[in-house]
Structure formats: structure tokens, C-alpha cells
Amino acid sequence: MLATVSVQFRASTFLAHQLAELQRRPPCPPPAQFGIQLQRVRVTGVSLWQNEPKDFDIFTRDALGDRVANDFPAKGRQTQLVLDLDLSVTTSDAVAASPGALTNQLLAFTPRLVCDLTAFVPPGPGISLRVEKRSLEWPPGSLPALPPTPVPLPMHLIQQAVEDEVLQHVPNVTRRLDPEGRLHGGQEAVNAGLAADASLEFLELRSEASPGNDYNHVRWTYFHQGQLVDRLHGEDWALYFRASDIALTMTLTVEALLKEALSTPEARFRQCWTDFEGGTDVARFRTTVVIRVDVPMVPTFDKQIPVVTTISLAPGGAGLVVDLWLQGLEELVDDVIGFARVAVSFLPPALSLPMQFAIGEGVSAGEDLLQGLEVPPKKGITFTRPGPYSVRGVIELPAPAELVGPGASIRRLASDAGGFSLAGGWPAVALTPSTVEVRSEGFEWRGPQFSCSAASRNILTDFENDPYAHIRLDAVIELSQAGSEPIELCSAAIAQAPEDLEFPLSLAPVLPGHLPRAVALQASGRWAQRHPGDSVTIELRTTAGVLRVTLPPAGELRPELRRALSGAIEVKLLACEQVLPEWFGGGWGGGRKFRLDWIDDPLIDPERWGSDPVVSGARFERWNVHLSGMPAETTVLLGTEDEARWTTSVAGPSGTASLSLLLPGGQVPELSAQAPLLSRSAGAGVRAAAQGPLPGIAVSRQAMLRVARIRLERPVRMAVGAAVRGAAGFVVLIDGAVLDLALASMHRMTVVRRRPAPGARQLVATPAGVMVVGDCGALLHRANGDDLRLGAAGTGVRGAACLGSELFVLRAGMIECRSADDGCLRRSMATDATAIATHGRRLVLATPRGLVLHDGADAGCATALPLALPDTVDMLRRVDDLLLARGADERWWRIDVERGTAQRMAPDAEPLRFASSSQAALHVVPGASAIDLYLPGEAAPMVPVPADRGRRPGDSSATAG
């Protein structure tokens, strides 16, 4: 374990990264006040200050190992980041007078934002770096006079309003470094701090895990006063290891091991020490062990055994090369027979395995005692043996991005008298100012939208009689940017429009995010009929400023356009009449498939695939298929061509079936059907002649658009949708903790609570709250923030379920029934179940004999489910109306309790990766340290075509079925 870890940054490199990071996160402009609009807040420069005196709290550990405050603080100076701001200010009249572009009637306010830059010890492993805004300063000339406004305002009011907006909308930023706590061996730090040297040429971030009880406030006072030694060796950053920490760890560990191991009369441990040699690109440690040897026929003597350890950097910075030379053992075994019995205990645990490997074949005596000694494989370590008494280990280094930042690399190892540094580059990219570009072609007429299941000649008749009742106007405003600084679309609103402001004139849901973005506006045919010559103005708020776009009137529905829309309806009706009966009538059991794509005909779909501004570019899409008019018990499969993702359904007595499948954006699934044996034997002719409703199919796709990414300090295990403090949100299980996430806005989630949960394995959503189960026991986290422990703490729990107001907790050999109100035990029953869930008003238990149903009142009231799973089930999950089972091989199965069937699920199927709430969805990748927030777009109806006859978009010829 390293008692002290130091990371240094070249000041110019660090500031360049801070500038780029701040420019990547621009704030949205606030609403106008008194006719004055703050257009843009841009950071143009960053510098360091360290001239304000401050006392820093210093901590130590008491006899119980707890972190307690020292009586004496460290006295130093606060390190500060000073941001040079460029605030673009204009008037509302100037925005309105510049349609389609940002106004150039701007004034530049140039204040300075002073932020405290602080390092501190957060809960859990690692350290945190925080940038916290403090004050806005106005140097001379930074506040020019405004042009005349409708309401004259004193300058001090304008200044105060600007300060309030900037301090409110520029966020504080906290970043956790080394979240796994690797540098301190998983141990939590006691002290952490950040300071710059006296000349402000470099910064040092230092953390301390074992401060001892000495005058550590003196050391930290020197640190915060800038008395630092440059360890960069000309690089952008450096991670410094103190040689004394490593040498002391080696010495104490060897001493503790050998005092216990060498207790025989023949060999006794006397002392050991470790020396360090630096000054080159290799760090060399020499551990000397002194042993008193007393064996018959040989005079008693003291033997010094040197073990030399060198640490160097592998080519390309791919890992650390640790070489051990154990020549002292070779000399010793030639003198003392049988000494090999204790030789394997000479080194600390981290080095004992390499030593065993090194002496496994190279001694001249005691070979029978060393037979079979090998180095077992270790994750991230590769061992080789250059010689009989030497061993080499190559240790994979973690990516420096966790400690330094994205783009950092390790380029050299350099040692000095006090220790050694791993140093490297950290290139910063300078961003260029960006401007908004707007493009819109105004309103376009769209014909009636319908699926084949609703296709009817009446649609064409109704359109001919009253076209305005069945068509609509669509307009798309496309936003893009020139320049590398990100620009974000914050909101869109209707600024000016005749009469109906919300309905039937409406904006599609605006999904904020970085440009390019598109905003869709829709109007009904009736509205267009009443306002053929009226324009509509949309106000767009971006991080580059506020602008307005005026859409010209659509005009009247011309006769030639009316005929074109009528022809498109006719072609679509013909396609539906041809495609569906052919597949439904002759495809039963014949292996026919549908590719659920648009018919590739410009009369039917002028925009073609992928041009929908809301759907195009979606990371995921949900496909919904509803089938009607099929024989009962027909099995329908919806999946990708390679069957990596798929779902099935069985038509009920009414002949209907519904399927839903989530796919990465741009993938198109196929649909196939397998009729029951009776229908297949009767043949297609019998099916076609059978009385019944005409076969129908309705298809829609829905974009799931990522609007935010939430980075967490530890890997994610699972997430469930739940009410968090009375609001819609999610509960996320990470390694060792449970997080409550609330939807702060339509594009932002916040962590409102963090609770430790060591050993937790599963979350179970119930009407009473979310149950957390695992080695930590069972806890009910209620929506109001209260926690209710169910049973003894620390007792391992295999699963939990909820029926009404009763909570069932599955422990080894027992099911406990507890009250959801107070958690009191009502009754218990013996069981050999390994997992538990609910189905309807009954419990589902996974036992060694398979799945069983019982009512939860008596262990004897159980009904076996007639299905076979491949192995033992260790987890059952209820997701909406699905019951999922996980086997010991980590494979998931979907259980149909009513039909008694089990189907294997794809490893990235939607129920396993998505947690849904009433307003949004989280995409979870188990093992990753980030989750994505998704919002659903509008469902777009589609027309399917057969896979063997349809064509992909972009083909030269059109296909009408």
C-alpha cells in the first residue's frame, strides 16, 4: 500500500484542459429581463491564482482506525481558477429583427469568474477534485454602456442581474479520481489537497492514507504554501511514488513473515532492511535479510541474503516490468542442505509467488521439496523466468485517464533520490468559436397516414370529399454549427402564430442536446385551411444565443398537389391488398418472412428511410407489431436476420398477437409466422377459404433518444424505475452502494441520495418501495427516503418479492413473510428454493426440482410448472409483465407461466438493459461505470413488405409489393 500518492500537472497543460472542458459545457441563456437578453456565456481564458490565505483541516486516524480531525490546521493559500468571460448581451428587439440567424447587435461584457480549486476526501475510495464558483469581478472597462432600452435601467441593476444569472447557470464541477482506490490498495484516504508551486508553473494533487500521529499538519503546511519539488521531468503530468513507502512496506512485510516462518533451531530470522537507488530510468530496491544458521557439522553463522528488485517501464508504456534477482539463494543452498524449506517465505505476499517460480527448478538441494511449485495465473500480470534464480513480471497499468483525464499517456519512468515517477503526455485540443446555422424549407403537405390493418377504400373516398380533414402540414427546422465548440439546443417555443398557439398547431417534443438537431412543427389541415397566408415564428434558445425562425405560409392546397396525394393513397392501398393476403394466405409454415421496412416508392414515402429528424440518428428504436386475423395458437417471431435479438408471441383465440422489440438504430427486423399443426396440414387453400376476419398487420417504430449520460464512481449492477422522494426516478445498484436518481428536467438526472449496501446483488421494485437484497441482508428503501431493514443485518438473502402488503424474503432454507408497514415478521416457512419472484397473486420459486407456484401462505401449497430449464436458477426477475430467470451459466430465460414454456433471451435484450419510469428510461450495461438517460420519441406507423420481394432504401427501382 502506498501511504502517500502525488500527481503533478504542468500548469499550462492543466489550464488548457480546463478551458476546453468549460467550453464544452456552455450554459443555456436565461429569459430576457427588461428587454435585455444575455445571449452567450463563453470562457475565453483560464489562469491560476494562489494568494488568498486559508486554513486547511488536517485529519489523522485514531486507535480504532477512524478518521478524526487534527488539533492544528495547515496554514497555506487557496488555489483558484480565474475564468475570463465573454458575455454577449443584446436586446429582445434585436433578436426579433434578425430572423433566421443570430443577431450581430451585441455588446461584450468581460468580467472574471473566480473559482476555488479544491481536492478533498469523498466517501469511499479515491479523491475528488472540485471547481466551485466564488465571485464575479469587474475589471475596469469590462461593463460598457448599453444601447437605449424600452425601460431605462441603472447600471448597477444590470450588473447585479448579470452576476445572478452567471452564478446561477455556471455549474460547479466535481470529478472523482481513482474511483477504485487502486493507488492506496482499496483503502480510503485520510487527507487530500491541491496546491501550486510558488512560481505557478505546476500543480500537485496529493492524497494520504496513513498519516500517522506525528506533526502531519507541518508537512501539509509546507505543501499548501507551495514548497513543492518538480517531479514532471519535462512531461505534462507525473504520478510520483515515494521510495520510503515501498521500502518500508517491503521491510515490514518480510520481517513479519520471517519471524513466524524462521523459528526452527536450524534457521532463525535476525533482521532485514530495504535500500533504494535512484537517478536513472530504473527504480532499484535491495532487500537484505539476515538469518542465523545453526545446523550440525557446520559452525553457526549469520547469512545475508540479498534480493534485488528493479522497476522499469515496458516499451510504449504498456506496463511495469518488475525484475527479481535472487542470487543469494543459490549461494546459500550450496552451503546449507534443506534450506529450501523456508526459502519461499522470504518475500512479501505480492512477491512470494514470483520467488517460488524463480527457485522452482534452479536449486541443487532440496528439489523434492520444490516439486510442483508454479506461479498461478494472475489477472493483469505476466510472469517469465530469464534465469534459474531470476523472475520477471509485467504488470498491466490502468489507463491514466482515470487519474489524469482522457488522452493521457505514459511515456517514461524517471527516478530520483526520493522515489520514482511515471510521467507522460496529456495533449489538449484548442476549440474554435462556433456559430449556429439554420435551414428550413417551410411547411410541406403530408397525406393521411395509416397501416395496412386499417387500410380501406373509404380512406380514399374521405380524402376526395374533404382533403383538409385528413392531411397535415409538417415543417422541420434543422440546426447545425460551424466551429468545434459544442452548441446545445436548449428549448424551442412558438413565439408568434395566429389564433391557436397549442392545438392544432404544435411543436414536436424538443430533445435538448448538442447540434446538429432538428425541431419539427405540425399543423392540422383545418388550421391550414383557416390560415393559408399566415406565417409562424419559432424562438430557438441555444447556448450560442437566442434566435427566431419565421416559417412562411403554406398557401392553399393546389390541385396538382391534391392529385399527387390522392395517387399516393391509391398506390399504398394496392400495396397492402397485394402484400398481406399473399403472406397470410400462403405463408403458413412455409418459412416466409417480412422485412419491416417502408415501401420504397417516392409517391408513398417522399422522405424515405432515415430522413425523419426525430428518428434518424437514434441509438435505439422500439419496434411494435400488432397482428390480427390469424389462426389461434399461431407462433409469430420478430427478430434480426442473425437472430441475435428476437421475441415471440402466440396468437390467442381472437387471432391477435402483439410483439415489441428494441434494436440499435438503423437495424430492421424480420417477421415470420408458424401456424399450428392443424392449419398447416389443411394447406394454404383451406386457410384462404376459411371464414374469418381479413388478416391485418400494424407496424410502428419509436425512437429512443439518448439525452444525457450519467457517470458513476463504480460499476453498475442493475437499475429499476421507482418513485424517488415523491417524483419519478430510478434506483441504481452499483458495487457497494445504492443510488437514488431523480429526473431534474427532461434531459438531466441528479443523484439525490447515496446509501452504502455492501454485498447487494439485486433490486426488487414493489409498490411499497425498492427492496435491496444480498449479503447485506434485505432493506426496503421507501420513496420518502426512509429505510426499513427486514430481519437481521448482514444475513445473506437470495431474493425477495412482494404480494400486496406482504414482503417475502428468501434466505437459505427459509422464506420470511414480513409486513410492508413495519417490517415485523409475520411467519416463516422452510424451503429449498434458490430464487423467488411473483406472478399475479402467487409466488414463483426456483427449486432443485424446477419452478413451482404457491400462494405464499403454506409451503405445502405448491404447483409445479411443466417446463425444464437447463440448470439451477439463481435469480428470478419480474420486469413489467415478463418473468425472467437466470441460470448458473449467466444465461437468461423468459418464462411463460401460463403456457409453461421457457425461451432463451439475448444477453442484451431490452428487459435486462432498460429500466423504465413514467417519463424516461435508463440504459444499463452491467459492469460499466456510466448509464444513459433516454426519452421516447413519437411512434411512426410503417408499411411492411416481404423480405424476398422488398428492396432496401436507396435501390434504383421502386417496389410496390
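A quick note: this is a predicted structure, and the numbers were derived from the prediction, not measured.

Colleague: What's the story with the overall build of the protein in this structure? I'm lost.
Modeller: Within the protein one finds 14 helices and 60 strands. The 961 residues of the protein split such that 50% are buried. Accessible area of the protein: about 43000 Å², with a carbon and sulfur share of 52%.

Colleague: How should I be thinking about the state of the cysteines in this particular structure?
Modeller: A full pass over the atoms with the stated rule returns one disulfide. Between the sulfur atoms of Cys28 and its disulfide partner Cys490 the distance amounts to 2.0 Å. An S-S torsion of about -95 degrees defines the bridge between Cys28 and Cys490 as left-handed. Placement of Cys28 in the loop between α1 (11–23) and β2 (36–56) and of Cys490 in strand β24 (residues 488–496) is noted, with a sequence separation of 462 residues between them. Residue Cys28 is classed as partly exposed on the basis of its relative accessible area of 28%. Judged by relative accessible area, Cys490 falls into the buried class, the value being 14%.

Colleague: Would you take a moment to explain the sheet that holds strand β12 (residues 237–242) for this structure?
Modeller: Whether parallel or antiparallel, the strands of a sheet pair through hydrogen bonds between backbone atoms. Across the sheet, six strands lie side by side as β10-β11-β1-β12-β20-β19; this open sheet has antiparallel pairing. Two strands in the sheet have a free side with no partner beyond their single neighbour: β10 (191–196) and β19 (412–415). Taken over all neighbouring pairs, the strand axes of this sheet differ in orientation by 20 degrees on average, direction set aside. Bridge count between β19 and strand β20 (residues 419–424): four bridges; the pairing is antiparallel. Following the sheet pairing, Ala414 is matched in β20 by Ser421. Running at roughly 80 degrees to strand β1 (residues 4–10), α1 makes contact with β1 and β11 (202–208) of the sheet. Against the sheet, helix α4 (residues 216–224) touches β10 and β11, its axis set at about 30 degrees to β10.

Colleague: For this particular structure, what's the right way to read helix α10 (residues 457–465)?
Modeller: Quick reminder: α-helices carry 3.6 residues per turn. Residues three or four places apart thus point the same way. Along α10, the residues classified as buried are Ile459, Leu460 and Phe463. Buried residues of α10, seen end-on, are gathered within an arc of 95 degrees and therefore sit on one face of the element. Those residues of α10 that are exposed and aimed more than 90 degrees away from the buried face are Asn458 and Asn465.

Colleague: Please clarify how the environment of Ala492 should be interpreted in this entry.
Modeller: Inspection of the secondary structure puts Ala492 in strand β24. Judged by its relative accessible area of 17%, Ala492 falls in the buried class. Placed 27 residues apart in sequence, Ala492 and Val519 show a C-alpha to C-alpha distance of 7.6 Å. Non-local contacts of Ala492, meaning those with residues more than four positions away in its chain, are made with Leu507, Val510, Val519, Ile538, Glu539 and Leu540.

Colleague: What am I meant to see in the packing of aromatic side chains here?
Modeller: The geometry of two aromatic rings is summed up by the distance between their centres and the angle between their planes. As enumerated under the stated definition, the model contains eight aromatic pairs in all. Summarising the aromatic geometry, the rings of Trp220 and Phe223 are spaced 5.2 Å apart at their centres and angled 75 degrees between planes, so their arrangement reads as edge-to-face. Residue Trp220 and its partner Phe223 are located together in helix α4, separated by three residues, close to a single helical turn. Of the two residues, Trp220 and Phe223, both sit in the buried class. Seen from their ring centres, Phe276 and Phe285 are 4.9 Å apart, and the 45 degrees between their planes marks the pair as tilted. Cluster of aromatic residues (ring-pair linked, three or more members): Phe9, Phe14 and Trp426. Here Arg231 stacks its cationic end above the ring of Tyr240, 4.0 Å away from the centre of that ring.

Colleague: Which parts of the structure should I look at to understand the sheet that holds strand β54 (residues 882–887)?
Modeller: What the four strands build is an open sheet, ordered β53-β54-β55-β56; its pairing is antiparallel. Looking at strand neighbours, the two that pair on one side only are β53 (873–879) and β56 (901–904), the edges of this open sheet. Each strand axis lies, on average, 30 degrees off the axis of its neighbour in the sheet, ignoring direction. When β54 meets strand β55 (residues 892–896), the two strands line up antiparallel, connected through four bridges. Looking at β55, one finds that Leu883 is bridged to Ile895.

Colleague: How should the confidence of the model for the protein be read in this particular structure?
Modeller: A low pLDDT means the predicted coordinates there should not be read in detail. Overall, the predicted model of the protein reaches an average pLDDT of 76, with 76% of residues at or above 70. Confidence scores differ between elements of the protein, with helix α9 (residues 367–370) showing the lowest mean pLDDT of 29 and strand β29 (residues 545–551) the highest of 92. Throughout residues 332–377 the model reports pLDDT below 50, and contacts reaching past four residues in sequence, or to other chains, amount to 91 contacts. Taken together, the stretch residues 599–617 has pLDDT below 50 and engages in 48 contacts with residues farther than four places along the chain or on a different chain.

Colleague: Help me understand the pattern of salt bridges in this model?
Modeller: Opposite charge on two side chains lets them pair, provided their charged atoms get close. Within the structure shown, the criterion is met by 33 salt bridges. Glu21 is paired through a salt bridge with Arg24; the nearest N and O atoms lie 4.0 Å apart. Classification of Glu21 by relative accessible area gives partly exposed; the value is 36%. Counted as one network, the salt bridges with shared partners bring together Asp740, Arg753, Arg755 and Asp787.

Colleague: Would you take a moment to explain the nonpolar core for this structure?
Modeller: Across soluble globular proteins, nonpolar side chains have a tendency to be buried as a group. Counting residues in hydrophobic clusters, the biggest one holds 62 residues, and the most contacted among them are Phe14, Leu81, Leu205 and Phe285. If one sorts the elements of this core by residue count, β2 sits on top with six residues. Not counting chain neighbours up to four residues away, the residues in contact with Leu205 comprise Val5, Ser6, Val7, Phe9, Ala119, Ile127, Leu129, Leu177, Gly193 and Leu194.

Colleague: How should the environment of Ser390 be read in this particular structure?
Modeller: In this structure, Ser390 sits in strand β18 (residues 390–396). Residues Ser390 and Trp325, 65 residues apart in the sequence, show an inter-C-alpha distance of 4.7 Å.

Colleague: Would you mind showing me how to read α1 here?
Modeller: Across its 13 residues, α1 extends 18 Å between first and last C-alpha, which sits within 8% of the 18 Å expected from 1.5 Å per residue. Along α1, the residues classified as buried are Ala11, Thr13, Phe14, Leu15, His17, Gln18, Ala20 and Gln23.

Colleague: I'm lost on unusual backbone geometry in this one. Help?
Modeller: If a residue is not glycine, its phi is most likely negative; likewise, a peptide bond is most likely trans. Cis geometry marks the peptide bond from Leu515 to Pro516, where omega comes out at 5 degrees. Mapping Pro516 onto the fold places it in the loop between β26 (513–514) and β27 (517–524). At Leu200, a position not held by glycine, the phi torsion is positive, near 60 degrees. Relative to the helices and strands, Leu200 is located in the loop between β10 and β11. Judged by relative accessible area, Leu200 falls into the partly exposed class, the value being 32%. Residues other than glycine seldom take positive phi values, yet His233 does so here, at roughly 55 degrees. With respect to the helices, strands and loops of the structure, His233 is situated in the loop between α4 and β12.

Colleague: Got a minute to help me understand the pairing of strand β36 (residues 696–711) in this structure?
Modeller: Within a regular beta strand, the side chains point alternately toward one face of the sheet and then the other, so they alternate between its two faces. Of all the 16 residues making up β36, twelve are buried; the element is thus mostly covered by neighbouring parts of the structure. Relative to β36, strand β31 (residues 620–628) runs antiparallel, the two being bridged by nine bridges. In the sheet register, Leu627 faces β36, and the bridge partner there is Ile697.

Conventions adopted
- Residues numbered from 1 in each chain as written.
- Predicted model: local features only at pLDDT ≥ 70, side-chain atom pairs only at ≥ 80, totals over all residues.
- Heavy atoms only, no water.
- Helix = DSSP H or I, 4+ residues; strand = E, 2+ residues; numbered from the N terminus.
- Buried < 20%, exposed > 50% of the residue type's maximum accessible area, 1.4 Å probe, protein only.
- Areas by Shrake-Rupley, 256 points an atom, 1.4 Å probe, with all protein chains shown as cover.
- Disulfide = S-S within 2.5 Å.
- Pairing = 2+ DSSP bridges.
- Axes fitted to C-alpha atoms, helices over the stretch in contact; angles between N-to-C directions.
- Contact = heavy atoms within 4.5 Å.
- Arc of directions from axis to C-beta.
- Phe/Tyr/Trp six-rings, centres within 6.5 Å; stacked < 30°, edge-to-face > 60°.
- Lys NZ or Arg CZ within 6 Å of the ring centre and 35° of its normal.
- pLDDT = per-residue confidence, 0-100.
- Salt bridge = Lys/Arg side-chain N within 4 Å of Asp/Glu carboxyl O.
- Core = buried A, V, L, I, M, F, W, Y, C linked by side-chain atoms within 4.5 Å.
- Expected span 1.5 Å × (residues − 1).

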